[in-house]
Structure formats: structure tokens, C-alpha cells
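# Coordinates in review
So you can see what is in the structure, the chains are spelled out below.
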Amino acid sequence: MMSIHRYIVAVLAFFVVSGVACAQDDGPTAAVDSLMAKARNAEGLKLPDLAMQYYEQAVALGPDSELPYIGLGRLLEHQERYSRAAELFSQAININSGSAEAYEHLAYCLTETEKFDEAEQVAQKAIELNPKSASAMSSMALVYNSRGNNTNAQSWAKRAIETDSKNSRCYNVSGVVYYNRGNDAEAIAQFKKAIAANPENIDAYANLGTMFCLRNNFESALIQLKKGLQIEPKSIKIIYCMGWAYRLKGDKAKAIQCYETIIGYDSLYVKAYNRLGEIYNDKADYDRSIAYHKKATRIAPNDPSGFKGMGKTYSDKGDFPKAIHAYQKAVLINDKDHETYCLMAELYQRQGNSQREMNSYKKAAKLGNKKAQQWLVKRGATW
């Protein structure tokens, strides 16, 4: 027997076909309008797959209108498929360079993919087109936050809230800024305000879960994350953080299940491979750990995390030459990561190479690593 959900999808699919056929008699514009209306209706009924079909048909029928691109982009953005969404918003801008909405959403997607330089330019354009764009202001806050410019980040976050005090994203971004300023309590308060403004804000649930994980309060983290998962069962952000919470709880099996689920949704999600590598290293399953880290480096050869994780596993395995080689690749990509230099120093210490041990600690100390600085001070060395 056909389920109610499948019956609704079948009925709507029938009406979209017949509706498009009728609308096409009035020209492509009417057909696009009809599809857009049906897509929005499908979204309201929580049928994202069907909504996507409508949006895709609208894009095909109306290549000269930016609205189908924005509609499809927003749907993909909600599904955390930020790179593809960004492409669609860019296409919308190519069609209509005056679309403030497209710029706002593009800025958001660029911050989510950590392309902050591009996000700044796009957010500035969005604010130029719409001086009351609280979303674009929030993106600017994240740009400055990524650069460690706390003053400007706080200023933009405050301005965003003052512009639209009902905008959930503004409070969520404000929470991120407060966290990076070291004010955890206010960060949590802001994330709760974000949820109060919009009980379906997945980012806020993920950030609340993250805050509780940082405090090693994994039970509270899981409570918040499960609430988020009820809203969006396929949220990679939520599932990723749940993996962390389960790992803190000591439930490695559930943590592994979380990260494998993510890979099932997105086979290129590098962070999940590295987390799996770390867990299998904790289990002393070194070969499997290395395999996951290598997978991460193949997907993202310019991301040092995979090489760093591989170095740690090789070190724990006792294969020091390969560990050093992996760490060297990591610092070649990012020579500002003081933690990797400390790991190299510890490895050189185990090899009895005191000179290279000291040189590595000096590099870490110059980058502000307190542990390295203390180690050098005890030995009367400068950096």
C-alpha cells in the first residue's frame, strides 16, 4: 500500500506536469512562475526532493531569470551544500547584478566554506545594494572574526542585531564572535537567542552542542544536537558534532557511525575522514587510521590536517621517519601551526635528536606556543 508521504509526492508530481503543460501555453514566464510556486509549496510541506525537481525545471525553462537560481540555491544552502549553492547564486548575479538577495546568500555560503576574502567583497556589495541587510552584516562579522579582528567583528555583529533584532542568524554569528573573544557564557546566551528567534536554526543547535563539548558536558551537548537532528535529520553539522560528543563520552562505536554517515552523505567531507583516522588511532588500529588520513589528503592535498593526523599515527605506531615526513608536509602547507612543531619536537626527543628538538620548539615558541616557550626558558634558551 502506498504511504501517505508517497501519495502526496505522486499527486504533486502529477499536478506539476499538467500545470507546466498548461502554463507553457501562456509562455515560459508563466511556466516558471508556476514551478516556483509549486516548489515553495513543496518546501512548506517538507518535501525538499520534490521542491528541488520543481526548481531545477524552473531553471531549465527560465535561464534568463535569476529567481529560479536563487530558489534552488537557497534549498541547497539549507541542505548545507554550500559550494553548489554558491555557484547558483553566482549565476543569479550574472543574470541580475543588482540582486541584493543573491549577494546576501552568496556571502553566507562563502563564509561557510571559509572563503573569507571573497565573502568580504560579496558582503560589501550586498550592503551597498541593501544597507539594511542584516545577513550581509553578519557575514562581515564572520570575515573579521576569521582574521582575529575582534573589535570589527563585534561591531558588525552588533550592527546586524540592531538592524534586525528578529534575525536568528545575527544572534548565532554574535555567539561565534563572543566565543572567539573568550566569553563562553555570552556565546551560549546568544546561541539560545538564535534558537528563540528561529527554533529551526540548525547552526545554533550545532554551536550550542559544540560549546557543551568544549566544556566536556557531552550529555547536554547530545540533548541539543538531537533537537537539531529532529529538525534536519541529514544535517552534516549536527551529525559531525554528535560524533565528537559520543567520542568524549567514550562511545567510539557511535562516533564512528556518525562520521561514516556523513561520508555517506558527502564522500568528499575531509573532516570526517580525519576524525575517523583519529578514532582508529585511539583504538591502536594504525593501518586503518593511516588509510583514512591518506584519503583526506587525496581529497584535499592543500589541507595540512590529514598530514598532521598521519604524522601522529605514524609516531604512535613507532614509524618515526614516516611521522617526520608527514609532519614536514603539514608545516610546508601551513608554517604557522605551532602545535605541529611541538609534535615534531616530541618526536625528535624520542629519537634522541636534541638539536632538532630545540629547533622545533623555537619555531613553536616564535608562534606563541606557551608550552614551547616554557620548555626553552627552563633550558635558558631564547627564541
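Residues numbered from 1 in each chain as written. Predicted model: local features only at pLDDT ≥ 70, side-chain atom pairs only at ≥ 80, totals over all residues. Heavy atoms only, no water.

Of the voids in this model, the second largest pocket is the one considered here, and its volume is about 490 Å³. Lining of the second largest pocket is provided by 16 residues; of these, Arg 275, Glu 278, Ser 305, Lys 308 and Glu 339 occupy positions nearest its centre. Listing elements by their share of the lining of the second largest pocket, those giving two or more residues are helix H16 (270–282), helix H18 (304–317) and helix H20 (338–351). Counting residues per element, the lining of the second largest pocket draws most heavily on H18, at six residues. Its residues placed into classes, the lining of the second largest pocket shows two nonpolar, six polar and eight charged. (1 Å grid on protein atoms, 1.4 Å probe; cavity = no way out; pocket = protein on both sides within 12 Å on 5 of 7 lines; lining within 4 Å. Points joined across faces, edges and corners; volume = space filled by probe spheres on them. Helix = DSSP H or I, 4+ residues; strand = E, 2+ residues; numbered from the N terminus. Nonpolar A, V, L, I, M, F, W, Y, C, P; charged D, E, K, R; others polar.)

Here the focus is the environment of Val 32. Within the element layout of this structure, Val 32 appears in helix H2 (residues 28–44). Under the relative-accessibility criterion, Val 32 is labelled buried at 7%. Sequence separation of Val 32 and Ala 381 is 349 residues, and the distance between their C-alpha atoms is 71 Å. Leave out the neighbours within four places in its chain, and Val 32 touches Ala 58, Leu 61, Gly 62 and Pro 68. (Buried < 20%, exposed > 50% of the residue type's maximum accessible area, 1.4 Å probe, protein only. Contact = heavy atoms within 4.5 Å.)

Another point: the packing of aromatic side chains. Inspection of every chain in the model, using the stated rule, returns six aromatic pairs. Centre to centre, the rings of Tyr 273 and Tyr 292 are 6.4 Å apart; their planes meet at 35 degrees, and the pair counts as tilted. With Tyr 273 in helix H16 and Tyr 292 in helix H17 (residues 286–299), this residue pair connects regions lying 19 residues apart in the sequence. Accessibility classification places Tyr 273 together with Tyr 292 in one group, the buried group. Members of the aromatic cluster, connected to one another through ring pairs, are Tyr 240, Tyr 259 and Tyr 269. (Phe/Tyr/Trp six-rings, centres within 6.5 Å; stacked < 30°, edge-to-face > 60°.)

A few words on the state of the cysteines. One pass over the structure, following the stated rule, counts zero disulfides. Between Cys 170, a cysteine without a disulfide, and Cys 109, which holds the nearest cysteine sulfur, the sulfur-to-sulfur distance is 16 Å. (Disulfide = S-S within 2.5 Å.)

Taken as a whole, the protein shows an average pLDDT of 92; of its residues, 93% reach a score of 70 or greater. Predicted confidence for residues 1–26 stays below pLDDT 50, and this span has 24 contacts to residues more than four positions away or in other chains. (pLDDT = per-residue confidence, 0-100.)

Before going further, it helps to spend a moment on the pattern of salt bridges. Under the definition given, this model contains 18 salt bridges. The partner of Lys 125 in a salt bridge is Glu 128, with the nearest N and O atoms 3.4 Å apart. Residue Lys 125 and its partner Glu 128 are both found in helix H7 (residues 116–129); the two are separated by three residues, about one turn of the helix. By relative accessible area, which is 26% here, Lys 125 ends up partly exposed. Its salt-bridge partner being Glu 219, residue Lys 249 comes within 3.5 Å of it at the nearest N-O pair. Taken together, the residues Lys 249 in helix H14 (residues 236–249) and Glu 219 in helix H13 (residues 218–231) connect sequence positions 30 residues apart. Through salt bridges with shared partners, one network takes in Arg 247, Arg 275, Glu 278 and Asp 282. (Salt bridge = Lys/Arg side-chain N within 4 Å of Asp/Glu carboxyl O.)

On to the environment of Tyr 265, then. Looking at where Tyr 265 falls in the secondary structure, it is placed in helix H15 (residues 252–265). Counting along the chain gives 55 residues from Tyr 265 to Phe 320, while the straight-line C-alpha distance between them is 35 Å.

Mapped onto the elements, Ser 99 comes out in the loop between helix H5 (82–95) and helix H6 (100–112). By relative accessible area, Ser 99 is classed as buried at 7%. Here Ala 102 takes part through its backbone nitrogen, which lies 3.2 Å from a polar atom of the side chain of Ser 99. With residues up to four places along the chain from it excluded, the contact list for Ser 99 reads Glu 66, Ile 70 and Leu 129. (Polar contact = N/O pair within 3.5 Å; in protein donor to acceptor, adjacent residues only side chain to side chain.)

Turning our attention to the packing of helix H8 (residues 134–146) against helix H10 (residues 168–180). It is at 9 Å that the axes of H8 and H10 come closest, and there the two elements cross at 15 degrees. The angle between H8 and H10 places the two elements in the roughly parallel class. When you trace H8 past H10, the crossing you get is left-handed. When H8 is examined against H10, the residues Ala 134, Ser 135, Ser 138, Ser 139, Ala 141, Leu 142 and Asn 145 are found in contact with a partner set consisting of Arg 169, Cys 170, Val 173, Val 176, Val 177 and Asn 180. Partitioning the contact of H8 with H10 into residue classes produces seven nonpolar, five polar and one charged. (Axes fitted to C-alpha atoms, helices over the stretch in contact; angles between N-to-C directions. Parallel < 35°, antiparallel > 145°, perpendicular 65-115°, else oblique. Left-handed = near helix turned anticlockwise from the far one by under 90°.)

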